[in-house]
Amino acid sequence: TSWLMSVHRCVDNFIHAATLAAEPDEAAFTLPATHTSIRALVSALAEETGNLASLASYAPDPRLEAVFANYPPLNAAIAEAAGFRDDGTVKSLVRRVLRQLEREAAAR
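A brief report on the enclosed structure follows. Everything numeric in this text was worked out from a predicted model, so none of it was measured.

As for the overall build of the protein
Along the protein, the regular secondary structure elements total five helices and two strands. Put simply, the protein runs from its N terminus to its C terminus through helices and strands in the order β-α-β-α-α-α-α. Taking 13 Å as the expected radius of gyration for a compact globule of 108 residues, we find that the protein reaches 16 Å, considerably beyond that expectation. Taking the principal axes of its C-alpha atoms as reference, the protein extends roughly 50 × 40 × 20 Å. The proportion of buried residues among the 108 residues of the protein is 19%. Excluding contacts between residues fewer than 6 apart, the proportion of contacts in the protein whose partners are at least 24 apart in sequence is 90%. Accessible area for the protein stands at about 7,600 Å²; split by element, carbon and sulfur atoms hold 59% of it. Distance from the positive charge centre (10 side chains) to the negative charge centre (13 side chains) of the protein: 8 Å.

Quick look at the structure:
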């Protein structure tokens, strides 16, 4: 599992931070991020691009699982109360990233 945030949402959060009239209740806080598994990320990417998720394979790796398998959702209540946002779903995060990649490719 991992916590992910698209560049678009990250920039939105930085802009939001710059426009806050007052500081949140605490000087440092965790920004909200989308909590997902790599399997769900690959599935959303495959769904959006038409590629088959079956191209990816998964096998347990105790060393990786010891570090990543049990990441809990983030507690970002302070940031959320101050108006910071995550990407919502894994699908919306993937769509945002793919749209940005398309814009960058078109600009070349």
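Examining the packing of aromatic side chains
Any two aromatic rings considered together are summarised by their centre-to-centre distance and by the angle between their planes. For the coordinates displayed, the defined rule picks out one aromatic pair. Ring geometry for Phe29 and Phe84: centres 5.4 Å apart, planes at 50°, overall tilted. A residue pair is termed long-range when its members are at least 10 positions apart, and Phe29 in the loop between helix 1 (7-19) and strand 2 (34-36) and Phe84 in the loop between helix 4 (77-81) and helix 5 (90-107) qualify at 55 residues. Assessed through its relative accessible area of 28%, Phe29 is described here as partly exposed. Among the residues examined, Phe84 registers a relative accessible area of 3% and is labelled buried. Between Arg39 and the ring centre of Tyr58, over which it is positioned, the NZ or CZ distance is 4.0 Å.

Examining a nonpolar patch on the surface
Residues Val7, Val11 and Ile15 make up a contiguous nonpolar surface patch of about 280 Å² in total accessible area. For Ile15, the location among the structural elements is in helix 1.

Focus on the pattern of salt bridges
Once their charged atoms are close, side chains differing in charge can pair, the charge on each being opposite to the other. Evaluated as defined, the whole model comprises five salt bridges. For Lys91, the salt bridge goes to Glu47, with nearest N and O atoms at 3.1 Å. A residue pair is termed long-range when its members are at least 10 positions apart, and Lys91 in helix 5 and Glu47 in helix 2 (residues 38-49) qualify at 44 residues. Residue class for Lys91 comes out partly exposed when judged on its relative accessible area of 35%. For Glu47, a relative accessible area of 46% puts it in the partly exposed group. With a closest N to O distance of 3.5 Å, Asp61 and Arg63 form a salt bridge. Classification of Asp61 as partly exposed rests on a relative accessible area of 22%. A relative accessible area of 67% means that Arg63 is categorised as exposed.

Considerations on the environment of Glu48
When you line up the elements, Glu48 lands in helix 2. Once the C-alpha coordinates of Glu48 and Phe84 are considered, the two residues, 36 residues apart in sequence, prove to be 26 Å apart. Glu48 has contacts with Val94, Arg95 and Leu98, leaving out every residue within four places of it along the chain.

Rules and cut-offs
Residues numbered from 1 in each chain as written. Predicted model: local features only at pLDDT ≥ 70, side-chain atom pairs only at ≥ 80, totals over all residues. Heavy atoms only, no water. Helix = DSSP H or I, 4+ residues; strand = E, 2+ residues; numbered from the N terminus. Rg over C-alpha atoms; globule rule 2.2 N^0.38 Å. Buried < 20%, exposed > 50% of the residue type's maximum accessible area, 1.4 Å probe, protein only. Contact = heavy atoms within 4.5 Å. Areas by Shrake-Rupley, 256 points an atom, 1.4 Å probe, with all protein chains shown as cover. Lys, Arg positive; Asp, Glu negative; His and termini not counted. Charge placed at Lys NZ, Arg CZ, Asp CG, Glu CD. Phe/Tyr/Trp six-rings, centres within 6.5 Å; stacked < 30°, edge-to-face > 60°. Lys NZ or Arg CZ within 6 Å of the ring centre and 35° of its normal. Patch = residues over 30% accessible without salt bridge, like charges linked within 9 Å, V, L, I, M, F, W, Y side chains within 5 Å. Salt bridge = Lys/Arg side-chain N within 4 Å of Asp/Glu carboxyl O.

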